[in-house]
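Examination of the molecular architecture
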Amino acid sequence: MKTQETTSRPDNTAFTQQRLPAWQPVLSAGIVIPGFLFIGLAFIGIGIGLFITSQSIQVLERDYTGTGSSSACSNCVSSNISCFCQLNFSLSALFPGPVFFYYGLSNYYQNVRKYGVSRDDEQLWGDVSKSPCSTCGPYQYSQNMTIAPCGAIANSMFNDSFTLYQLVNMTKKTVPLDGKGIAWWTDYSIKFRNPTEVYGSLAAAFNGTVKPVNWAKPVYDLDPSNPANNGFLNQDFLVWMRTAALPDFWKLYRRINAGDYVSGLPAGNYTLEIQYNYPVADFGRKSVIFTNVAWMGARNSFLGIAYLVMGFLCVVMSMVMLIVYAKFNTPGEDS
Amino acid sequence: MHPMEVWNHIRQVWRRKTDKENTVRRLVSNLPFEDFQRKYQPNRQYVDNSIKTTKYTVWSFIPMNLFEQFHRFANVYFVSIAVLNFVPIVNAFEPGVALIPICVILALTAIKDAWEDFRRYQADKQLNNMPCFIYSRKEKKFVSKCWKDVRVGDFVKVLCNEVIPADILLLHTSDPNGVCFIETANLDGETNLKQRQIVRGFAAPSSSFEPEHFDSIIYCEKPNDKLNHFKGYLDKADKKIGFGKDNLLLRGCTVRNTDEAAGIVVYAGHDTKAMLNNNGPRYKRSKLERKMNMDVLLCVALLFFMCFIGGLGHFIWLKTFPSIPPFVPPDSNNKYISDSLSGFYMFFTMIILLQVLIPISLYVSIELMKVGQIFFITNDTDLYDKETNKQVQCRALNITEDLGQIKYIFSDKTGTLTENKMVFRRCTIMGTEYCHKENALRLGVQCEAVSDDEDTVFQKSKVPSRLQHRPKRDITCLRRSQSTRSYSTARRFVEMAPSTNNEVAFSSPLETDVAPDKRLLHIMCEEKSEIQQWCRVSHSQGAASYMDFFLALAICNTVVVSTAMLPRQRVHSSTLKPGGRLQSLLRKMGSLGHKISSRQSVSESSPKSSSFLKKVKEEEVEEYSDSGSGNPSRRGSESSHQSEQEWSPGPDPDGLCYEAESPDEAALVYAAKAYGFSLLARAPDHVTVGLPQGTMLKFEVLDTLAFDSTRKRMSVVVRHPITNAIIIYTKGADTTIMELLNNQGENQEEEKKRKKIASKTQRHLDLYAKDGLRTLCIAKKVLSEEAYEDWASVRREAESAIDNRDELLMETAVHLETNLTLLGATGIEDRLQDDVPGTIAALREAGIQVWVLTGDKKETAVNIAYSCRLLSQGDVVFTLNTNSREECESILDCTLEEVRRYATAPQTRWSFLSIVGVATPAENTGPTFGLVIEGRTLSMVFEAHLEMKLLELARHCHSVLCCRVTPLQKSTVVKLVRDKLKVMTLAIGDGANDVNMIQTADIGIGISGQEGMQAVMASDFAISHFKHLKKLLLVHGHWCYSRLASMVVYFFYKNVMYVNLLFWYQFFCGFSGTAMIDYWLLIFFNLFFTSTPPIMFGIMDKDISAETLLGLPELYKMGQNSEYYKRAGFWTVMLDAFYQSLVCFFIPYWTYQDSDIDIFTFGTPMNTVSLFAILLHLAIEIKSWTVVHLGIMVGSILLFFIMCLAYSALCIDCNPPSNPYWIMEEQMSDPMFYLVCILSIIVALLPRYTIRVLKGTLALSPLVQARKLDKLPPVDREQQIKKWKSQQSRPEAPANLVSPVDSVSSPSEPNIYSISVEGETPDMYWDSKDETEKPFTPGHRRSISTMTI
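Residues numbered from 1 in each chain as written. Chains lettered and ligands numbered in written order. Predicted model: local features only at pLDDT ≥ 70, side-chain atom pairs only at ≥ 80, totals over all residues. Heavy atoms only, no water.

**Some points on the overall build of chain B**
Within chain B one finds 48 helices and 34 strands. Restricting the contact set of chain B to residue pairs at least 6 apart, pairs at least 24 apart contribute 76%. Put simply, chain B shows about 54,900 Å² of open surface, and 58% of that area lies on carbon and sulfur atoms. (Helix = DSSP H or I, 4+ residues; strand = E, 2+ residues; numbered from the N terminus. Contact = heavy atoms within 4.5 Å. Areas by Shrake-Rupley, 256 points an atom, 1.4 Å probe, with all protein chains shown as cover.)

**Considering the overall build of chain A**
Check the secondary structure of chain A and you find 8 helices and 13 strands. Taken over the C-alpha atoms alone, chain A extends approximately 95 × 70 × 35 Å along its principal axes. Restricting the contact set of chain A to residue pairs at least 6 apart, pairs at least 24 apart contribute 78%. For chain A, the computed accessible surface area is about 15,500 Å², with 58% contributed by carbon and sulfur atoms. Of the charged side chains in chain A, 23 are positive and 21 negative, and the gap between their average positions amounts to 2 Å. (Lys, Arg positive; Asp, Glu negative; His and termini not counted. Charge placed at Lys NZ, Arg CZ, Asp CG, Glu CD.)

**Quick notes on the packing of aromatic side chains**
As enumerated under the stated definition, the model contains 90 aromatic pairs over all chains in all. Between tryptophan 185 of chain A and tryptophan 1222 of chain B, the ring centres sit 5.8 Å apart and the planes meet at 75°, which makes this aromatic pair edge-to-face. Pair noted here: tryptophan 185 of chain A is in helix H5 (residues 185–191) and tryptophan 1222 of chain B is in the loop between helix H40 (1187–1210) and helix H41 (1223–1228), and the two residues belong to different chains. For tryptophan 1222 of chain B, a relative accessible area of 25% puts it in the partly exposed group. (Phe/Tyr/Trp six-rings, centres within 6.5 Å; stacked < 30°, edge-to-face > 60°. Buried < 20%, exposed > 50% of the residue type's maximum accessible area, 1.4 Å probe, protein only.)

**Focus on the state of the cysteines**
Residues and elements named next belong to chain A. Inspection of the entire model under this criterion finds 3 disulfides over all chains. The disulfide partner of cysteine 73 is cysteine 85, and the S-S distance across this bridge is 1.9 Å. The S-S bond linking cysteine 73 to cysteine 85 shows a torsion near 70°; that makes this disulfide right-handed. With a gap of 12 residues between them, cysteine 73 in the loop between strand S1 (59–63) and strand S2 (83–91) and cysteine 85 in strand S2 connect regions that are remote in the sequence. Overall, the relative accessible area of 6% leaves cysteine 85 in the buried class. The disulfide bridge from cysteine 76 ends at cysteine 83, spanning 1.6 Å between sulfur atoms. Judged by the sign of its S-S torsion, about -65°, the bond between cysteine 76 and cysteine 83 is left-handed. (Disulfide = S-S within 2.5 Å.)

**Structural notes on H40 of chain B**
Its 24 residues place the ends of H40 of chain B 33 Å apart at the C-alpha level, agreeing with the 34 Å of an ideal helix rising 1.5 Å per residue. Residues of H40 of chain B that are buried include every one of His1189, Met1193, Ser1196, Phe1200, Phe1201, Cys1204, Tyr1207 and Ser1208 of chain B, and no others. (Expected span 1.5 Å × (residues − 1).)

**Examining the pairing of strand S32 (residues 1003–1007) of chain B**
Residue and element names in this part refer to chain B. Burial analysis of S32 places 5 of its 5 residues in the buried class, the great majority of the element. Handedness of the crossover joining strand S31 (residues 985–989) and S32 through helix H31 (residues 995–1000): right-handed. The pairing of S32 with strand S33 (residues 1021–1023) spans 3 bridges and is parallel. Residue pairing across strands places isoleucine 1005 opposite phenylalanine 1021, the latter belonging to S33. (Right-handed = clockwise from strand over helix to strand, strands pointing away. Pairing = 2+ DSSP bridges.)

**Some remarks on the confidence of the model for chain A**
The predicted coordinates ought not to be read in detail in places where the model reports low pLDDT. Confidence along chain A averages 87 in pLDDT terms, with 96% of residues attaining 70 or more. Scored below 50 in pLDDT, residues 331–335 of chain A shows 4 contacts in the model against residues more than four places distant or in partner chains. (pLDDT = per-residue confidence, 0-100.)

**Here's the deal with the domain arrangement of chain A**
What the domain assignment reports for chain A is domain 1 (34–57 + 301–328) and domain 2 (59–292). A separation of 42 Å is found between the C-alpha centroids of domain 1 of chain A and domain 2 of chain A. (Domains from an automatic or database assignment.)

**Structural notes on the sheet that holds strand S7 (residues 161–168) of chain A**
All names here are of chain A. Taken together, 4 strands build an open sheet; the order of strands is S2-S12-S7-S8 and the sheet is antiparallel. Bordering the open sheet on either side are S2 and strand S8 (171–174), each of which pairs with just one other strand. The average angle at which neighbouring strand axes cross in this sheet is 35°, direction not considered. The pairing of S2 with strand S12 (residues 268–276) spans 9 bridges and is classified as antiparallel. When the bridges of S12 are listed, phenylalanine 84 appears paired with glutamine 275. (Axes fitted to C-alpha atoms, helices over the stretch in contact; angles between N-to-C directions.)

**Looking at the side chain of aspartate 187 of chain A**
Residue and element names in this part refer to chain A. As for its position among the elements, aspartate 187 is in helix H5. Looking at aspartate 187, the relative accessible area reads 2%, which means it is buried. Discounting chain neighbours no more than four positions away, the residues touching aspartate 187 are Phe192, Leu238 and Arg242.

**Describing the packing of helix H2 (residues 61–69) of chain B against helix H4 (residues 95–128) of chain B**
Residue and element names in this part refer to chain B. It is the contact of H2 with H4, at a shortest axis distance of 11 Å, that shows an interaxial angle of 115°. Here H2 runs over H4; the crossing is right-handed. Taken together, the residues of H4 that come into contact with H2 (itself represented by Phe61, Asn65, Leu66 and Gln69) are Leu106, Thr109, Ala110, Asp113 and Ala114. (Left-handed = near helix turned anticlockwise from the far one by under 90°.)

**Observations concerning the interface of chain B and chain A**
Facing 103 residues of chain B, the contacting portion of chain A comprises 82 residues. With both sides pooled, the region where chain B packs onto chain A buries about 8,300 Å², and carbon together with sulfur makes up 63% of that total. In terms of surface lost to chain A, no three residues of chain B exceed Phe327, Leu1239 and Lys1271 of chain B, which account for 8% of the buried area on that side. Between chain B and chain A we count 2 salt bridges in total. Between arginine 242 of chain A and aspartate 1158 of chain B there is a salt bridge, and its shortest N-O distance comes to 2.9 Å. (Buried area = accessible area lost by both parts, 1.4 Å probe. Salt bridge = Lys/Arg side-chain N within 4 Å of Asp/Glu carboxyl O.)

**Some thoughts on the nonpolar core**
Counting 204 residues, the largest nonpolar core has Phe1145 and Phe1162 of chain B as its most contacted members. Among the elements that take part in this core, helix H33 (residues 1028–1066) of chain B stands out by supplying 26 residues, more than any other. Both of domain 1 (34–57 + 301–328) and domain 2 (59–292) of chain A provide at least three residues apiece to this core. Not counting the four nearest positions on each side in its chain, phenylalanine 1162 of chain B is found in contact with Ala245 and Leu246 of chain A together with Tyr1065, Met1076, Phe1145, Pro1148, Tyr1149, Tyr1152 and Ile1157 of chain B. (Core = buried A, V, L, I, M, F, W, Y, C linked by side-chain atoms within 4.5 Å.)

**Structural notes on the confidence of the model for chain B**
All names here are of chain B. In this model, chain B carries an average pLDDT of 75, and 76% of its residues clear a pLDDT of 70 or more. Counted against residues more than four places away or in other chains, residues 905–924, with its pLDDT under 50, gives 27 contacts. When the criterion is pLDDT under 50, residues 1290–1349 qualifies, and its contacts beyond four places in sequence or with other chains add up to 100 contacts. Here the predicted complex carries an ipTM of 0.95, next to a pTM of 0.76.

**A look at unusual backbone geometry**
Cis peptide bonds are those with omega within 30 degrees of zero, and the linkage from alanine 148 of chain A to proline 149 of chain A qualifies with -10°. Note that proline 149 of chain A resides in the loop between strand S6 (145–147) and helix H4 (152–155). Its identity is not glycine, yet tyrosine 199 of chain A carries a phi of approximately 50°, on the positive side. By the secondary structure assignment, tyrosine 199 of chain A is in the loop between H5 and helix H6 (202–205). Given a relative accessible area of 83%, tyrosine 199 of chain A falls into the exposed group. Of note in this structure, methionine 430 of chain B is not a glycine but carries a positive phi near 50°. With respect to the helices and strands, methionine 430 of chain B occurs in the loop between strand S16 (418–429) and strand S17 (432–434).

**Here we look at the pattern of salt bridges**
Residue and element names in this part refer to chain B. Applying the stated rule across the entire model yields 42 salt bridges over all chains. Put simply, aspartate 271 and arginine 25 hold a salt bridge, and the shortest N to O gap is 2.8 Å. Remark: arginine 25 occurs in strand S1 (residues 24–27) and aspartate 271 occurs in the loop between strand S13 (260–267) and helix H6 (273–276); sequence separation between them is 246 residues. The pair formed by aspartate 271 and arginine 25 is uniform in burial state, with each residue classed as buried. For arginine 1248, the salt bridge goes to glutamate 1181, with nearest N and O atoms at 2.7 Å. Residue arginine 1248 is found in helix H42 (residues 1231–1258), and its partner glutamate 1181 is found in helix H39 (residues 1159–1181); the two are separated by 67 residues along the sequence.

**So, the sheet that holds strand S5 (residues 167–173) of chain B**
Residues and elements named next belong to chain B. Here we have 6 strands laid out as an open sheet, ordered S3-S2-S4-S13-S5-S11, and antiparallel in their pairing. Every other strand in the sheet has two partners, leaving strand S3 (141–146) and strand S11 (248–249) as the edge strands with one partner each. Relative to S3, strand S2 (residues 131–136) runs antiparallel, the two being bridged by 6 bridges. When the sheet's bridge partners are listed, isoleucine 134 is paired in S3 with valine 143.

**Some points on a nonpolar patch on the surface**
The grouping of Ile62, Leu66, Phe70 and Val76 of chain B at the surface amounts to a nonpolar patch, some 320 Å² of accessible area in total. Relative to the elements of secondary structure, valine 76 of chain B occurs in helix H3 (residues 73–84). (Patch = residues over 30% accessible without salt bridge, like charges linked within 9 Å, V, L, I, M, F, W, Y side chains within 5 Å.)

**Thoughts on helix H24 (residues 836–845) of chain B**
Residue and element names in this part refer to chain B. Counted residue by residue, H24 has 9 buried out of 10 residues, so it is predominantly covered. Residues of H24 that are buried include every one of Val836, Pro837, Gly838, Thr839, Ile840, Ala841, Ala842, Leu843 and Arg844, and no others. After H24 finishes, the residue glycine 847 shows a positive phi value of roughly 85°.

Rendered as structure tokens:
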């Protein structure tokens, strides 16, 4: 007989018969009590650690928007030209270092979509000869020349500048501010590039471009004190170009880590001299922040408290589960 | 292309068009036109034989496939959103990027479609290039060509075991009688041989076949899809010769038992009946999917609401600024648009940003899941049938989850609940009952073996492991699959050797072997001499009736005789060899058979006379049949002795095998054979019957009036070879035959006798029906030569008519079948399939109502219902049987009132007390009801618009039985229940009469059994046994539904949760449409990171093991009530999604508040947290973890980190607005990142986890209880299941387990209300309390032979 037909009998394997060895967890109180307890205790531990760390971080924040007659810089709010004002503060004890010096803007939406896309990464990568991309509009061209750097972000760059003095015996002692390495290293060394210098001149490299409308100085002349800190690689520019996630944000301005101030700001009186250029009074506020940072970054007590609360909740939950377990578990079931 | 060709082509198309308008196809032979250009070909307008089932060509694929895909609403939606993104004023992302997801989805679907189409293309190519023989005028012989070269009008020769390439009008065969056998298995699955014959009278039969001389014009009907319908005529110079379906060889069939056949092609390629019948897979939309689409719309509403908030928020936000701040840039023209307008634009930007809320991957994922689910269903070895070598076939690809939600099952009876393997059980001849005790005993033994097996299924708890259980089962399977083909020891079924030949239907020894009734055998032997006499002189009296009876059984049918020595083999297309070894083998065998029969006829030509007994016979028989139960020993013992010895069946029948279109016919022929009347050969114009003494009679068949459902009978007109009398044998349903009897005898005595016989036979028939036997009446009529000639001329006219031939033929048939003489009646048993009662009981427990819709008579149906435990002994059964509307209404009202009095709303509730150990008291102590309704009453109900009342009544009834219903009524009933009760319905059936209902129901299941493939073709799933329904529904249905439902809910959760992260951020970016997550990562998140785990879950998760699901059918109710996917559940999940997204957004938010964090650094922990939350959420939902689950979970997480790290490391400025470079690396080196992630994940999942734990501990739902059972070792689990069942069971449940024999013995109260206005005899039987009238049960069946009448 030739009826050795191919049988269509399905394969009898564990997989095709859906009999793979399986672990079937039935979640019940008895099993999860230790888990809850463990998580609870761990969280409480982490929470305490975070909270203590957070408390050890000092923050000194001073608003200098200038609205309201008594506040600092009130003189500058209405002036259209560049204006100087002073902000005085005193420290009763050593502000331990290294101290980070931030400026903060509030109700400032750097994350508005159209604002956020208004830049040209290729231009910032050093290619100033090409016409900037359309997202930069309307800050693409000015006087029929390419704007470098183009776009709304660059155009609205924060341009207040600060000088910090310690008052020692009624004389102003300049506190050295370190502006190196305040930007992300990736921005400085990879994402941003200056156009190739022509005969050693950065200005010539930017030939054929104009400065953004709101800027006072062209991009190759941002930091007259340090020729290396110019063009697209200017640290303040890099910091500004990394758009903030939330409407109330800080941006690192300088670090205080040199000279007499390596260990921090000693107790005493200080004066911050502000060159007030940036108008925010219409919609928000601006401030300066001095803070020292720990491993967890700036001071934030939320995470520590949250961990503590959750930890306690888990412990309570394990208690509840214990009661449930005692009441409803029929013997011999949890095998 | 040459312009002439183009013109030709256009003309062809035009011709084809005009051709369509005609009603007749006219064609001539191609041979005179051979080698002519195409334009001169006479049959050029007809399509050729090459087929193309592909949807697309290489060029048309992309446009056509896209066009098809855009029929989907979802695809249009996503494309329009992508297009919206190209509008500069509202775009949210880089326009090209937005196209990626929809392109990926479209591409995936396109690849799937292309692959399917390519497979079709390959199959077409293979088919088109199959070899065949076409006649060539040049070479004067048949030459080998390909199938695709065959054209209409060609002459084609087909050899034995070859597949027929086109629809061919048969003109010549190698058979001297001009017949040809074909097997139509490819077309309709019927494995029996069918006889086709050449067109008569077109050429002298003796002359050799000369295609070149064929000069007739053929007229036939347009191509149509009716397999059993074909007519036309040959226009030969002088006369018209009609032909019909018996002359047509259909494409796809196989020629058998015939050396060669040749004919002219009438339909080719796509015009053939086979191709016209070939519809692709069916598409239904499942209930779950319908519901899901509703929820998708809800999501759309939610999306629009969120976008509206976005637009409004943007407007308000802009209004808060007294002057325009520097961070709101003007448009490129340096102009500021008004706040309200930008709010309006923002609405659309938001749609683009939040589009993922509508799960784009949902549809593709669901399709993939269903493919996986179908893979597992078809691969289940439990649903594989060894006998037929068939798995489950899933023909509809997208309604697997509906299997888990069925509430009503509508089942056919014959072939579905029963085996449709007919067993000859009893007969009555001339008013005398022969109960075939031996046969019953023999079958009884077998039954026991089977029922033993059933018992083990019932008490499966004893045998914990399936493996232990299986071998036992296989033994029975083997025993049942034996075939007569082995024929080693035909009469002793016990010793039969196992055989693997399981192809032939109706041939298991159990069915074909009939042990003759001793008493009848006795009579037969005693009257042997008379038989011989009868051979010479025509009798119409007494003992000759017995002969007539058996002759009628042997002749009056369409059974084809084939030789058992020649096993047919299925020929695969690849192994086709024209005229191979097999053929010579065939020839040898044929001559061998010849020798045997001639030798036998010689040996039998000296009959031993026993004429001395002959005298007394007549009165004795009379008396005997009157007394009925009279003792046969009254007759001379010597004669009985003698006869026993003498008795030997005539020509050795063991070489014969019968192939019948309906199993009843085969059963009758086998019965006749058991008494020595064996059908030896059948040709179109004669049949040869072997008589008990060995003589062979060759009857000339003058005409065959085929069976049809309106006449409900068939007849053959034969000429007796010796007496030359023309005799009509008729066989048919008792109702019709009884009406046609001629009870007017020549004298009064005769008349009285005939009436007596008729009434006795009627009584026996009623009894047979009560025992669940199928009854047939046999009658005969002798016709005078003149009368026949008159009739025959009318008949011939009718045959050659073209237009209303069918009506005319029917008329002539009715005209002939009058004034019949009753010979007797037969009772054929249709045995229940394996494990039907168990399956029905399980389905019942699962909360499924089972209705049986059958065309059978009430008594048969009710008995089957009892034996398969659809009705139980304690049930109160209402029978609705009326012919008038008013009565129908009043009866319905009365019954409803009656029922309502008892109805105490029996609802078993899940109670967690049961797990604590307190048994819930049995709530329902009232009686259970059954409803039996007749077809005509049903039509009354529909006419009088009483459907709602009927449904109301039916809902109170435990089981409903509709008998004598037409196929249309079947589907009307299904539609009624489906539409009015809004429930999921399933229809299961095996025959062509079930097709309507199978197509109407939400799920149609075809049983690929005995009766062809129509039901299977129309079905969504095809199984081979009714018992497979249990696992298919209770296990696979439950799994498919629970998996898919959980997954759909999960998909909604996933998308809402993820999209809301973006939405919350809008509150902090001035509703400006900023995303804090890089858009590539956004896309990847849905496409890669979180897509595979849910798909795998949807395919593989098992909430409860198969054993527990089968053990506790109640668990099926979860699916019926849609517990996994309810509106409430949907909103709970939505809330959970909102909560989780709030957590995932605000914990990072508060952490990074007041810091110098940039947008994308801020988004990274959120993305990570939501990934973990989404995957761990799934992990909580997964009920059983296998290696695959673990692998895919871990793989997804790893993929996320690898992709993110790689992307941040390599992408310096690829996606301009975002700034992904080195962000992930930066974050991962920051301890805060981990602290934020851990806290957020735990806070997000804690509520869901806690609720799961509480649910698991309190175990309120049976699902959790069942899962706990699953964890027990098998033995304990069985015990627990038993305990559970005894707690939950309602009073009738244990009744199913009690041996039914016990309950039979005490039918103390008449619990069957028969509401029958006509009040005829059948109901009388039901109400009587006679011992013998008890309903038929398996236990009863064994003792039935002792029954006396």
